[in-house]
Amino acid sequence: MAKELFDIEDNEIRVVGATESKHETPTSKWPKWQWLIIAFALIAAIFGFWAINRPNNTSSIYSVESVADTTQSVSYQSSTETKAYVIFSCDSVNDIALQIYTPVGGHAELLVGQLPDNDSNIILAAQAADYRADNGKIAGAFVYKGELLSRGHPKYGFCAIIGDTITMGMSQETALFERAVDQEGYFFRQFSLIHDGKLGESFPKGKAVRRALCYYKERVSIIETVERESMHDFTQALLDMGVQEAISLVGSISLPLYVDENGNRITNEIEHQEDVQENYIVWE
């Protein structure tokens, strides 16, 4: 009689529960580490594509000295030349007569109050920030030797002077404001006319003698119109002459003073206004 299926002899071994599969599961031809390399490469490619095509919220930084955290700005370090003077030149762009004042040497800073007529150390001076019509106080954020004199920023253009570095740009917020306070520097706001070689923010209409603090031919210059011009025409002229960055300065009146290469001191009398907080950007 044949053995029963489930009868096991004393000298017999059987593997219980194991069956032979007719279809083997195919194994990967590539090791796991190669799959990891491919995955990392795909992630890197996606990140690179995003970095190239993301919106550009920062502009070029033009700098003689590398300045950290100058987002949307242009920086220029003052010259260390012992002789300080101003190069004066004239130009005409789009039938707009322009006067250009470029300081050579000297140290830039802000001055609050009446401009001293007898300070022979000042080689160039121009009115800087606007003042409010209601109370005569400085309009917008203003830092003087680290002291906060005015708050707010109705304008996006700014100029910060910290040590020997002048930084201009257009930004609603900038760490240079806090840095000017911490490092006893200077800071003020004005309309940004040109930012990174393009039109800046919107500006008022009407005609007046226009003036701007500009980054032009790798130097900081003050450029003004000879006649009354609209801000739009003035800005377009600055663009056409190659200005990369420009913020407006108080215009309408003559430039207070400058000292030319021969040491001649050219001055224009400015009436002191007791009811407004006068302020100037000067080179000494």
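Residues take numbers from 1 onward in each chain, read along the sequence in its written order. In keeping with the model being predicted, local features are shown solely for residues with a pLDDT of at least 70 and side-chain atom pairs are shown and tallied solely at 80 or more, while totals for entire chains, interfaces and linings include all residues. Only hydrogens and water are set aside when side-chain values are computed; all heavy atoms of the structure are taken into account.

Colleague: Would you mind going over the sheet that holds strand 17 (residues 245–249) with me for this structure?
Modeller: What holds strands together in a sheet is hydrogen bonding between their backbones, with the strands either parallel or antiparallel. We call two strands paired when DSSP finds no fewer than two bridges between them. By definition, any uninterrupted DSSP run of H or I lasting at least four residues is a helix, any uninterrupted run of E lasting at least two residues is a strand, and each is numbered from the N terminus. The sheet built from 7 strands is open, its strands ordered 2-3-15-14-17-11-12 with antiparallel pairing. The open sheet has two free edges, formed respectively by strand 2 (85–93) and strand 12 (198–199), since each of these has just one partner strand.

Colleague: I'm lost on the pairing of strand 5 (residues 124–127) in this one. Help?
Modeller: Here is the key point about a regular strand: its side chains alternate between the two faces of the sheet. Working definition: with a 1.4 Å probe on protein chains only, accessible area under 20% of the residue-type maximum means buried, over 50% means exposed, and in between means partly exposed. Residue alternation in strand 5 divides its side chains into two sets, Leu-124 and Ala-126 and Ala-125 and Gln-127, and both sets are buried. Sheet analysis places strand 5 next to strand 18 (residues 257–259), joined by 2 bridges and oriented antiparallel. The partner of Ala-125 across the bridge, within strand 18, is Leu-257. By the bridge criterion, 4 bridges tie strand 5 to strand 20 (residues 279–283) in an arrangement that is antiparallel. Counterpart to Gln-127 in the pairing with strand 20 is Tyr-280.

Colleague: What should I look at first to understand the environment of Val-220 in this one?
Modeller: Within the fold, Val-220 resides in strand 15 (residues 219–225). With a relative accessible area of 3%, Val-220 lands in the buried category. Sequence separation between Val-220 and Thr-102 is 118 residues; the distance between their C-alpha atoms is 6.6 Å.

Colleague: What's the story with the environment of Ile-281 in this structure? I'm lost.
Modeller: Along the polypeptide, Ile-281 turns up in strand 20. Looking at Ile-281, the relative accessible area reads 0%, which means it is buried. Each C-alpha atom of the pair Ile-281 and Phe-188 lies 9.8 Å from the other, and the pair is 93 residues apart in sequence. Whether two residues are in contact is decided by their heavy atoms, any of which lying within 4.5 Å being enough. Not counting the four nearest positions on each side in its chain, Ile-281 is found in contact with Glu-109, Leu-110, Leu-124, Ala-125, Ala-126, Ala-128, Ile-161 and Leu-213.

Colleague: Sorry, what's going on with the pattern of salt bridges here?
Modeller: When the charged atoms of two side chains with opposite charge come close together, those side chains can pair. For this analysis, a salt bridge means a side-chain nitrogen from Lys or Arg found within 4 Å of a carboxyl oxygen belonging to Asp or Glu. Under the defined criterion, the tally for this structure stands at 3 salt bridges. Residues Lys-155 and Asp-130 are paired through a salt bridge, measuring 2.7 Å at the closest nitrogen-oxygen approach. Taken together, the residues span a long stretch of sequence, with Lys-155 in the loop between strand 7 (147–150) and strand 8 (157–162) and Asp-130 in the loop between strand 5 and strand 6 (142–144) at a distance of 25 residues. Judged by relative accessible area, which is 23%, Asp-130 ranks as partly exposed. With a shortest N-O distance of 2.6 Å, Arg-132 and Asp-134 are connected by a salt bridge. Its relative accessible area of 39% is what places Arg-132 among the partly exposed residues. Classification of Asp-134 by relative accessible area gives exposed; the value is 58%.

Colleague: Please explain the side chain of Glu-201 as it appears in this structure.
Modeller: Take Glu-201: it is sitting in the loop between strand 12 and strand 13 (207–208). In summary, the charge assignment counts Lys and Arg as positive and Asp and Glu as negative, without counting His or the chain termini. For the buried residue Glu-201, which engages in no salt bridge, the nearest side chain bearing the opposite charge is Arg-189, 6.7 Å off. Two N or O atoms form a polar contact when they lie within 3.5 Å of each other; inside protein one atom must be a possible hydrogen donor and the other a possible acceptor, and for residues adjacent in sequence the pair counts only when both atoms belong to side chains. Reaching out from Glu-201, the side chain makes a polar contact with the backbone nitrogen of Gly-157 at a distance of 3.0 Å. In this structure the side chain of Glu-201 is engaged in a polar contact, spanning 2.8 Å, whose partner is the backbone nitrogen of Ser-192. Apart from residues no more than four positions distant in its own chain, Glu-201 is found in contact with Lys-155, Tyr-156, Gly-157, Met-170, Gln-190, Phe-191 and Ser-192.

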